[in-house]
Each structure stands twice: as C-alpha cells, then as structure tokens.
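# Breakdown of the fold
One letter stands for each residue in the lines below.
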Amino acid sequence: MEPSRRKALQAAAAFGAVLAAGLLKPMAALAAAWNKEAFDSKKVDDALKSLGAVGAEASSEILIEAPQIAENGAVVPIEVNSNIRGTTSIAVLVDNNPFPLAAKFDFMAGALPFVRVNVKMGQTANVRVVATADGKHFTASKEIKVTIGGCGG
Amino acid sequence: MAAGPMKMRARLGPDYTDVRVLMSHPMETGQRKGSDGKLVPRHFIQNVTVKVNGAPVIEGQVSQAVSRNPVFSFRLKGGTKGDKIEVSWVDNAGESNKTEAVIA
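A brief report on the enclosed structure follows. (Residues numbered from 1 in each chain as written. Chains lettered and ligands numbered in written order. Predicted model: local features only at pLDDT ≥ 70, side-chain atom pairs only at ≥ 80, totals over all residues.)

### Examining the overall build of chain B
Rules: Numbering of helices and strands runs from the N terminus; a helix is a DSSP stretch of H or I covering at least four residues, while a strand is a stretch of E covering at least two. Each residue is classed by its C-beta neighbour count within 10 Å, where at least 20 other C-beta atoms makes it buried, 12 or fewer makes it exposed, and intermediate counts make it partly exposed; the C-beta atoms are placed from backbone geometry. Placing a C-beta atom from the backbone of each residue, one calls two residues in contact when those atoms lie within 7 Å.
When helices and strands are tallied, chain B shows zero helices and seven strands. Going from N to C terminus, chain B has its helices and strands arranged as β-β-β-β-β-β-β. Over its C-alpha atoms, taken along the principal directions, chain B stretches across nearly 50 × 20 × 20 Å. Burial status across chain B gives 34% buried among its 104 residues. Considering only contacts in chain B between residues 6 or more positions apart, those separated by 24 or more positions represent 52%.

### A word on the overall build of chain A
Counting its regular elements, chain A contains three helices and nine strands. Ordered by position in the sequence, the α and β elements of chain A form the string α-α-α-β-β-β-β-β-β-β-β-β. Scored against the burial criterion, the 153 residues of chain A give a buried share of 34%. Sequence separation of at least 24 residues holds for 65% of the intrachain contacts in chain A that already meet a minimum separation of 6.

### Quick word on the pairing of strand β5 (residues 87-94) of chain A
Residue and element names in this part refer to chain A. Going by this rule: At least two bridges found by DSSP between two strands is the condition for calling them paired.
Burial runs high along β5: seven of the eight residues are buried. Examined bridge by bridge, β5 and strand β8 (residues 125-133) share seven bridges and lie antiparallel to one another. The residue bridging Val94 from the neighbouring strand is Val127, located in β8. Across five bridges, the pairing between β5 and strand β6 (residues 101-107) is antiparallel. What sits directly across from Ile90, in β6, is Phe105. Remark: six residues form the turn of the hairpin made by β5 and β6, two consecutive strands paired antiparallel.

### A look at the environment of A:Gln123
Residue and element names in this part refer to chain A. With respect to the helices and strands, the residue Gln123 is situated in the loop between β7 (111-119) and β8. C-beta crowding within 10 Å serves as the criterion here: with 17 such atoms nearby, Gln123 is assigned to the partly exposed category. On a C-alpha basis, the gap between Gln123 and Asp45 in space is 19 Å, while along the polypeptide they are 78 residues apart. Beyond its immediate sequence surroundings of up to four residues, Gln123 is in contact with Asn96, Val146 and Gly149.

### Thoughts on the sheet that holds strand β2 (residues 16-23) of chain B
For clarity, the threshold we go by: Between the N-to-C directions of two axes lies an angle of 0 to 180 degrees, each axis being a line fitted to C-alpha atoms and, for a helix, fitted only over the stretch in contact.
Taken together, the six strands give an open sheet; going across it, the order is β2(A)-β4(A)-β7(A)-β5(B)-β2(B)-β1(B), and neighbouring strands pair in antiparallel fashion. One side of each edge strand has no neighbouring strand; the edge strands of this open sheet are β2 (62-65) of chain A together with β1 (6-12) of chain B. Going across the sheet, the axis of each strand differs from the next one's by a mean of 15 degrees, ignoring polarity.

### Quick look at the interface of chain A and chain B
Rules: The residue classification treats Ala, Val, Leu, Ile, Met, Phe, Trp, Tyr, Cys and Pro as nonpolar and Asp, Glu, Lys and Arg as charged. All others, Gly included, are polar.
Contact with chain A, which involves 31 residues of that partner, is made by 27 residues of chain B. Looking at the side of chain A that touches chain B, the elements with two or more residues in it are β6 and β7 of chain A. Ranked by residues supplied to the side of chain A that touches chain B, first place goes to β7(A) with eight residues. Grouping the amino acids of the side of chain A that touches chain B by side-chain chemistry returns 21 nonpolar, six polar and four charged. With four bridges connecting them, β7(A) and strand β5 (residues 71-77) of chain B associate as antiparallel partners. Among the inter-strand pairings, A:Val117 is bridged to a residue of β5(B), identified as B:Phe72.

### Re unusual backbone geometry
With phi around 50 degrees, A:Asp134 is a residue other than glycine that occupies positive phi space. Considering the arrangement of structural elements, one finds A:Asp134 in the loop between β8 and β9 (136-148). With 9 C-beta atoms counted inside 10 Å, the residue A:Asp134 sits in the exposed group. Phi at B:Asn69 takes a positive value of approximately 50 degrees, unusual for a residue other than glycine. Along the chain, the position of B:Asn69 falls in the loop between β4 (55-62) and β5.

### Section: the nonpolar core
Stated formally: For this entry, the nonpolar core is defined as buried Ala, Val, Leu, Ile, Met, Phe, Trp, Tyr and Cys residues connected by C-beta atoms within 7 Å.
Ranked by size, the top nonpolar core spans 59 residues in total, and within it A:Val92, A:Ala102, A:Val119, B:Val66 and B:Phe74 carry the most contacts. Those residues within four positions of B:Val66 in sequence are excluded, and the remaining contacts are A:Ala102, A:Ala103, A:Val117, A:Asn118, A:Val119, B:Met27 and B:Ile45.

### Quick notes on helix α3 (residues 44-51) of chain A
All names here are of chain A. Where we set the bar: By arc we mean the arc of the directions from the helix axis to the C-beta atoms, nothing more.
Taken together, the buried positions of α3 are Ala47, Leu48 and Leu51. Buried residues of α3, viewed axially, fall in a sector of 100 degrees; they line one side. Where α3 is buried, its residues meet α2 (36-39), β5, β6 and β8. Where α3 terminates, the next one or two residues include Gly52, which has phi positive at roughly 70 degrees.

Here you go:
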C-alpha cells in the first residue's frame, strides 16, 4: 500500500470513529427513549413484560379520573394521580386497543406523579395504569364504555 | 403535515404549578383510510419532554393512541413565578417542535 493511501485510510478510519462516538450516540439515546417493543405489543401482557412491569400489585393509591361513558372514542380524557410515595413513572394502557400501551411518563425531581392525557379508544375497555415506585410496580384500572370508537375511520 | 403551533400555560397554585400544553399534530394511527381509500401512514408524536429552567423534569413516551392535537396536563412541585417552562416533542418522522412559557 502506498503511504499516502494508508494515511488517507487511517484518517478516514479516525474520522469514522469520531463520527461513531460523537454523532451516533445521541441517535442511539433517542431511539432508546421510545420503548418500541412495548409500544408495538399487541397484547397487554406483552406490553407489561416489555415495560418490566409483570405482576404489578393492585393499589388504591393510584387515582384514575376518567368518564364512565365516553361518547367519542377519539378523545377520552384520562387523568392519573399516584399517591404512592416515590412514584417515578406512570404508564397508561387501553386493554382492547390494537396496541394497548398509550403512554408512559417518567417523573424526575421537580415533577408530581400526575398526568392528564387524551387517548383514543377503539371500543369499551379497561384503562389500566401502572405506576412504578422504588422499582416496584403498582396497578389500577377503570372500565370506560365507548359509544363510538376512535381508532379507524 | 408540518408541525403546527403549540400553546402552553403554566400557573402557580397553592400546592403545585399546573402546566397545560397543547400540540398541533395529526397523530395518525396508520389504521385510518384517506379519501383515496388507502391507509394513511402512521405519523405520531413519540417523545414529550418538560423542562424547568433548562432541567428535564418529565420525559414522556407516547403512541399513536394519543388523540389528535394532544393536550397534556402536568403538575410541578412548587415553582416560582418567572420560572421558565419548556415543552418539546419529537415525532416518528423526526419532526419536532417546542414552546416556552414562564410560570404566572
């Protein structure tokens, strides 16, 4: 190999390493920030498994505020408040939706474990909430009857 | 569809700061048929971040099951009038948007 070519190759390799270290990292971090496996799960159990929340304990300390009957499944307001000390995350799942996991929120210092979000519901279903506190999982659910589904068209 | 405007309000209450934010986004599920009879591709917000004075306090991951033009409410511990709240989102097409408000 000619020295100049070797030099160029070395430079290219070094540049590649810099790219890999500097640019790919934030992309990887971004990808990891959306739990594809959990969101793509078609069954509640699979979604819970992907969230690492199998065997969550039922808790009355998770308050779910939502209508009993939702006339329009396209916009169903769900309000979740966790009174469990040290709650760091809240996940919202709609049992009968094509992909049950609707949202997951991680709370850091400075935020209260509360969220209000509008979700789509294809049909009458249990809305299930999983709260995580100190590595333990707790769950609560509420049935919402849907008059007109909001998933297809 | 390009990202539309966002609206946000952050109000200091006795126990917490109430943050309400509205995002303009179609939140396509990938299951709806367009006027041409073809499925409209899935297009939805995936990540939502809430920051207070530059520090993240809530990281949200959402799916296409969140309603069109999403509205979120969050509660922040304490807070002081004038604190800067920033909410940003990124969707599955790599589009993003953010908005800022000060606690009133």
